[in-house]
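Now for the letters of each chain:
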Amino acid sequence: MVTVRRWYVFLVCAVSLQPVTWAVIALLRNLFISGRGAPVTAIAFQIAVIVIGLPVFLVHWLWAQRLAGRDADERESALRRLYLYGTLAAFLGPILANTFNVIAILLWLPFGGRRYEFNYYQYSPTDDAINSLIAMVALGLLWFYHQRITAADAKAAPETGNSATVRRLYVLSFSAAGVTMTTMAIIHLLRWIMFQFGGGAAIGGSDIVGLTDEAARLIVGVPLWLIFWRWGQRLFTGPSEEERESALRKLYLYVIVFIAALTAVTNATFILAGLFRRLLSLPPQGDIRDPLPIIIGMGVLWAYHAYALRGDATLAGEAPRQAGVRRLYLYLIAAVGLAAFLIGLGGDISVLIRSLSEPFFGPDLKEQLAWFTAALIAGLPVWLLPWRQAQVAAIAAGAAGADERRSVVRKIYLYFYLFVATMT
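Residues numbered from 1 in each chain as written. Predicted model: local features only at pLDDT ≥ 70, side-chain atom pairs only at ≥ 80, totals over all residues. Heavy atoms only, no water.

Trainee: What should I look at first to understand the packing of helix α12 (residues 363-394) against helix α14 (residues 408-423) in this one?
Mentor: Packed helices, taken two at a time, are described by the angle their axes make and the gap between the axes. Remark: α12 packs on α14, axes separated minimally by 13 Å, with the N-to-C direction vectors making an angle of 125°. Viewed along their axes, α12 and α14 adopt a mutual orientation that is oblique. Like other packed secondary-structure pairs, α12 and α14 cross with a definite hand, here left-handed. Of the residues in α14, those in contact with W383, W387, A390, Q391 and A394 of α12 are R410, Y413 and L414. In terms of residue class, the contact of α12 with α14 is made up of six nonpolar, one polar and one charged. (Axes fitted to C-alpha atoms, helices over the stretch in contact; angles between N-to-C directions. Helix = DSSP H or I, 4+ residues; strand = E, 2+ residues; numbered from the N terminus. Parallel < 35°, antiparallel > 145°, perpendicular 65-115°, else oblique. Left-handed = near helix turned anticlockwise from the far one by under 90°. Contact = heavy atoms within 4.5 Å. Nonpolar A, V, L, I, M, F, W, Y, C, P; charged D, E, K, R; others polar.)

In structure tokens form, the structure reads like this:
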């Protein structure tokens, strides 16, 4: 009964608060931007949403607060934490989007952007910036209030179990958003710098205005990542053993490393294929300045998070669930690398066999040889490095080695490639 009541109270709070918040933002935008020209029906609808939704939210939120004030179980419940962190995320996401918009406009105009070229033709750049500022203020006040409530709850009732999992999900999700924005901005900025040398056009042409979005993304992404990643680091190095045994943190790190490694290797294949095309006297195709910034950005991302994983292992060892996440990462990387290697090896053998029946080694065979050889060379280290780690763990003595050999992920990997080999 208690759980059902909590679901009801927090679901009503969430469903009523969001429409009221955005109705207030829309009403303020109409009053500040449109003024007397704002549609009467729109203003009437926004007022109606506020008049109906605000009392509903206040009644249920005050009810939840009274329950939390007199019952410790209510205050430390995972459902309450889910509502609070979910609400914080629902406010922080739009805050970041509107902050990005304001910064992009502030950079766009001074560096040569013309007002009539502005993307949102129904607004002037100034009006659009005011729209974003209104949303930032309204959402920021609500985020600040819920953050204070969340901090007070965490101080009164430490977050453990499912409550701690909800907090980790919040922290790591925004850390991932920040590092993604930062990496993408760095890649595009590097590409623009590289395109200033030699022929071709950079992002948005040679005009500096084309970089304002990337600069704004970097300005928003770096603080976002640093704040939430450092928060996660403080939790990991703190007194809680539960934090150090968290599988969610390991999953976050391994997913980033996997994506970075896969992206870097894919683009390295493009560069190798271009190199082999030149060696085989084929006409050039593509531009090395397109994949090279991706390799640099993803390589740095890969190296940093791999270093973080090693630091985690040194500080806290490895819990059973964390070992499962590690195995999944290693065998996924090995599977991707081995697939690329086998495709490249089979392709090269096919090209060599077919060349025996051809009167001359023509452009088509050269093209295939370049791409298959690039896949072979790029895939080999991607397979060998994780496979060697997996093998070292599997042949280790004692219970740890036995667990590795019995793991489901290892069995799936081995039998999958046995199946592929048999069917082929």
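Trainee: Before we go on, may I ask you to explain a nonpolar patch on the surface in this structure?
Mentor: The grouping of L342, L345, I349 and I353 at the surface amounts to a nonpolar patch, some 340 Å² of accessible area in total. Note that L345 resides in helix α11 (residues 320-356). Exposure remark for L345: the relative accessible area of 33% places this residue in the partly exposed category. (Patch = residues over 30% accessible without salt bridge, like charges linked within 9 Å, V, L, I, M, F, W, Y side chains within 5 Å. Areas by Shrake-Rupley, 256 points an atom, 1.4 Å probe, with all protein chains shown as cover. Salt bridge = Lys/Arg side-chain N within 4 Å of Asp/Glu carboxyl O. Buried < 20%, exposed > 50% of the residue type's maximum accessible area, 1.4 Å probe, protein only.)

Trainee: Please clarify how the confidence of the model for the protein chain should be interpreted in this entry.
Mentor: For residues with low pLDDT, the predicted coordinates do not support detailed interpretation. Residue-level pLDDT values for the protein chain average 84, and 91% of them are 70 or greater. Within the protein chain, helix α13 (residues 398-406) has the poorest average pLDDT of any element, 79, and helix α4 (residues 78-108) the best, 92. Counting interchain partners and residues more than four positions distant, the pLDDT-below-50 stretch residues 201-206 has eleven contacts. (pLDDT = per-residue confidence, 0-100.)

Trainee: Before we go on, may I ask you to explain the packing of α13 against α14 in this structure?
Mentor: The interhelical angle for the contact between α13 and α14, taken along N-to-C directions, is 45°, at an axis separation of 5 Å. As the angle between them shows, α13 and α14 are arranged oblique. Between α13, through E404, R405 and R406, and α14, the contact on the second element is made entirely by V408, R410 and K411. When grouped by side-chain class, the residues that make up the contact of α13 with α14 number one nonpolar, no polar and five charged.

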